[in-house]
Amino acid sequence: MRLRSIAMPAATGPLVSPPREEIPAFLKDIRDLVPDDFEILGRDDILPRLVAILNRRKNGNAFLTGFKGSGKTAVAKYFGIQVRRGQIRPPFTFDKGEGVHVWYMDVNEMMADQSKNMSAKIAELMDFLKKYPNAVVIVDEAHRLAVRDVRDGSRALENLKPWLTDDTHFVFLCTDEEYRRDVEPIVATDRRWSLVPMAEPAPTFLRMILRLVRNQVIRRELADTDVELVLPDTLLADLLRLT
């Protein structure tokens, strides 16, 4: 996939990386998660929409929804690594001449740490982002932020809400069902982001992807064996029909 049509000028100034000891344990640098050769197939309609949303100086946050396995996390990570490399540059950095930090957090992992309640973790996140602004934060399993903390009864998403208008921009991820069940009932949060639904790909598109990657997948999965496997187009079509 190429991003030429939506690419923005590269950063002109230095981007100061925070000391590792200052980074909250639940935040990961996108560069540590995504290899240099990471690519995605299709979803050309999603990336320009994410760029357009992050272009907004206020409420420039996206909520990416879709069925399980639709590729939400892969799209968000690809988008994030392109931003971090300067291939996509949100305009909120233009007047500062700086690059953009891109952080990834999985709320399930965040909640697994029982040393602090979620309110304290959100406060830690906001203190960090105030010190190191010009950031995009990808939040996976974001619906869990809408679940009340069993210790103090608060919802992390409500505590996060006042910060969703600043120069830190968020890309939230969850399934359609999780969004309707957990996030949508919270009053007045939907004004803070724009929904970006990812529809299920058409069968013809999926068949094209499978044709492109089948030999690569076979080589990877059978690398340590003497097995030779051939997947003809007719079998791919049958597999799609069965799923």
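What you are looking at is a predicted structure, and each value in this text was computed from that prediction instead of being measured.

Quick notes on the rules
- Along each chain, the written sequence defines residue order, and numbers are assigned to residues from 1.
- Only residues with pLDDT of at least 70 get local features here, since the model is predicted, and only at 80 or more are side-chain atom pairs given and counted; chain-wide, interface and lining totals rely on the full set of residues.
- In computing side-chain properties, one takes all heavy atoms of the structure into account and sets aside hydrogens as well as water.
- Partly exposed describes any residue whose relative accessible area lies between the buried limit of under 20% and the exposed limit of over 50%, with all areas from a 1.4 Å probe on protein chains only and scaled to the type maximum.
- We count a stretch as a helix when DSSP gives it H or I for four or more residues in a row; a strand needs E for two or more, and each element gets its number in order from the N terminus.
- In this analysis, strands are considered paired if DSSP registers two or more bridges between them.
- Only heavy atoms enter the contact rule, under which two residues are in contact if any of them lie within 4.5 Å.
- Working convention: axes come from line fits to C-alpha atoms, limited for helices to the stretch in contact. Angles between N-to-C directions cover 0 to 180 degrees.
- For this classification, under 35 degrees means roughly parallel, over 145 means roughly antiparallel, 65 to 115 means roughly perpendicular, and everything else is oblique.
- By convention, the crossing between two helices is left-handed when the near helix turns anticlockwise from the far helix through less than a right angle, and right-handed when the turn is clockwise.
- Every residue carries a pLDDT, the predictor's confidence in it, which falls somewhere between 0 and 100.
- Side-chain atoms within 4.5 Å are what join buried Ala, Val, Leu, Ile, Met, Phe, Trp, Tyr and Cys residues into a set we call a nonpolar core.
- Given a helix with a known number of residues, its expected span is that number minus one, times 1.5 Å.

With that settled, consider the pairing of strand S2 (residues 62-66). Along S2, five of the five residues are buried, which leaves the element largely enclosed by surrounding structure. Side chains Ala62, Leu64 and Gly66 of S2 all project onto a buried face; the interleaved residues Phe63 and Thr65 project onto the opposite face, where all are buried too. Of the pairings in the sheet, the one linking S2 to strand S5 (residues 168-174) comprises four bridges and is parallel in character. Directly across from Thr65, in S5, lies its bridge partner Cys174. Here S2 pairs with strand S6 (residues 194-198) via five bridges, running parallel. Paired with Thr65 across the bridge in S6 is Pro197.

Let us now look at unusual backbone geometry. Even without a glycine there, the phi angle at Glu141 is positive, about 55 degrees. If you trace the backbone, Glu141 turns up in the loop between strand S4 (135-140) and helix H5 (156-160). Look at Glu141 and you get partly exposed, because its relative accessible area is 25%.

A word on the sheet that holds strand S3 (residues 101-106). Pairing is mixed in the open sheet, where six strands are placed in the order S1-S3-S4-S5-S2-S6. Lying at the two open borders of the sheet, with one neighbouring strand each, are strand S1 (28-29) and S6. Against the sheet, helix H1 (residues 46-54) makes contact with S2, S4, S5 and S6, and its axis sits at roughly 175 degrees relative to S6, the strand it touches most. Contacts between helix H6 (residues 176-183) and the sheet are confined to S2, S5 and S6, with S2 contributing the most and set at about 125 degrees to the helix.

We now examine the packing of helix H7 (residues 203-221) against helix H8 (residues 233-242). Running from amino to carboxyl end, H7 crosses H8 at an angle of 135 degrees, the nearest separation of the two axes being 10 Å. Classified by the angle between their axes, H7 and H8 sit oblique to one another. Remark: the crossing between H7 and H8 carries right-handed chirality. Residues Pro203, Leu206, Arg207, Leu210, Arg211 and Arg214 of H7 pack against Asp233, Leu236, Ala237 and Leu240 of H8.

Our focus in this paragraph is the confidence of the model for the protein. On average, the protein scores 80 in pLDDT, and the residues at 70 or more come to 86%. By mean pLDDT, the top-scoring element of the protein is S2 (94), and the lowest-scoring one is H7 (79). Counting interchain partners and residues more than four positions distant, the pLDDT-below-50 stretch residues 1-13 has 38 contacts.

Take the nonpolar core next. In this structure, Leu145, Leu160, Phe170 and Phe172 are the most contacted members of the largest nonpolar core, which totals 32 residues. When residues of this core are traced back to their parent elements, those giving at least two are S3, helix H3 (107-112), helix H4 (118-131), S4, H5, S5 and H6. With six residues, the top contributor of residues to this core is H4. Not counting the four nearest positions on each side in its chain, Leu145 is found in contact with Val107, Met118, Ile122, Val139, Arg155, Ala156, Leu157, Leu160 and Phe172. Core analysis: the second largest hydrophobic core is formed by 27 residues, Val34, Val51, Tyr78 and Val100 among them.

Here helix H2 (residues 72-85) spans 20 Å end to end across 14 residues, near enough to the 20 Å set by a 1.5 Å rise per residue. Those residues of H2 not exposed but buried are Lys72, Val75, Ala76, Lys77, Tyr78, Phe79, Gly80, Ile81, Gln82, Val83 and Arg84. Phi for Gly86, located one or two positions after H2, is positive at around 90 degrees.

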